[in-house]
Every structure is written in structure tokens, then in C-alpha cells.
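# Fold and geometry: a report
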Amino acid sequence: MLAQILFGGAIGLIYYSSLFYSMDVGETKGEHGGIHEAAIGLGNFAGPAMGAMSLYLWPHQANGSAFAVVAC
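Residues numbered from 1 in each chain as written. Predicted model: local features only at pLDDT ≥ 70, side-chain atom pairs only at ≥ 80, totals over all residues. Heavy atoms only, no water.

### Observations concerning the side chain of S54
Tracing the sequence through the fold places S54 in helix α2 (residues 29–57). With residues up to four places along the chain from it excluded, the contact list for S54 reads P59, G64, S65 and A68. (Helix = DSSP H or I, 4+ residues; strand = E, 2+ residues; numbered from the N terminus. Contact = heavy atoms within 4.5 Å.)

### Things to note about the environment of M50
Turning to its location among the elements, M50 is positioned in helix α2. Considered as a pair, M50 and A66 are 16 residues apart in the sequence and their alpha carbons are 9.1 Å apart.

### Focus: a nonpolar patch on the surface
On the surface, Y15, Y16, F20, Y21 and I40 cluster together into a nonpolar patch covering about 560 Å² of accessible area. The dominant element in the nonpolar patch, judged by the number of residues it contributes, is helix α1 (residues 2–24), at four residues. Structurally, Y15 is set in helix α1. (Patch = residues over 30% accessible without salt bridge, like charges linked within 9 Å, V, L, I, M, F, W, Y side chains within 5 Å. Areas by Shrake-Rupley, 256 points an atom, 1.4 Å probe, with all protein chains shown as cover. Salt bridge = Lys/Arg side-chain N within 4 Å of Asp/Glu carboxyl O.)

### Side note on α1
Taking 1.5 Å per residue as the helical rise, α1 with its 23 residues ought to reach 33 Å, and the 33 Å between its terminal C-alpha atoms agrees with that figure. The positive-phi residue at the C-terminal boundary of α1 is G26, with phi of around 80°. (Expected span 1.5 Å × (residues − 1).)

### Quick look at the packing of α1 against α2
With their axes 7 Å apart at the nearest point, α1 and α2 run at an angle of 140° to one another. By the criterion of interaxial angle, the relationship of α1 to α2 is oblique. As α1 runs across α2, the sense of the crossing is right-handed. Two secondary-structure elements touch here, α1 through Y15, S18, L19, S22, M23 and D24 and α2 through K29, H32, G33, H36, E37 and I40. When its residues are assigned to classes, the contact of α1 with α2 shows four nonpolar, five polar and three charged. (Axes fitted to C-alpha atoms, helices over the stretch in contact; angles between N-to-C directions. Parallel < 35°, antiparallel > 145°, perpendicular 65-115°, else oblique. Left-handed = near helix turned anticlockwise from the far one by under 90°. Nonpolar A, V, L, I, M, F, W, Y, C, P; charged D, E, K, R; others polar.)

Taken by themselves, the reported measurements are silent on function.
Rendered as C-alpha cells:
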């Protein structure tokens, strides 16, 4: 339980730090934050989408969705 709490705190710190440093550079601070959030959203969409597409294209391949997500 303690390891999960520490891991969650570490992930939160990494997210906050990367967002801070992406928005701290240059004049267009809001644009950098938007690009950062868009990249995270794209990553959250791409993995499950690849898994679903591989299940649709190759339904008889038992581990096809896992291989497709790992390959990307």
C-alpha cells in the first residue's frame, strides 16, 4: 500500500513538473500547455485504439492486441 502511495505521488510530481516546464518557456505559455495536454490525450487514445483495431482485424490472434500496443 505504501509503495502505491509513493508511486502515485511520484507520477503526480512528474506530470506537474513536465507541465510547469513546458509552460515556463517563451511568450506563448498557454499554447505550450495545450500542446502538452493534447499529447497526453493522444497517448491515452492511441493505445486502446490500436488494441481495438487489432482485435477487429485479427480476432483469432490471442495476444494480437497486446502485440499491437507494444509495437507502437
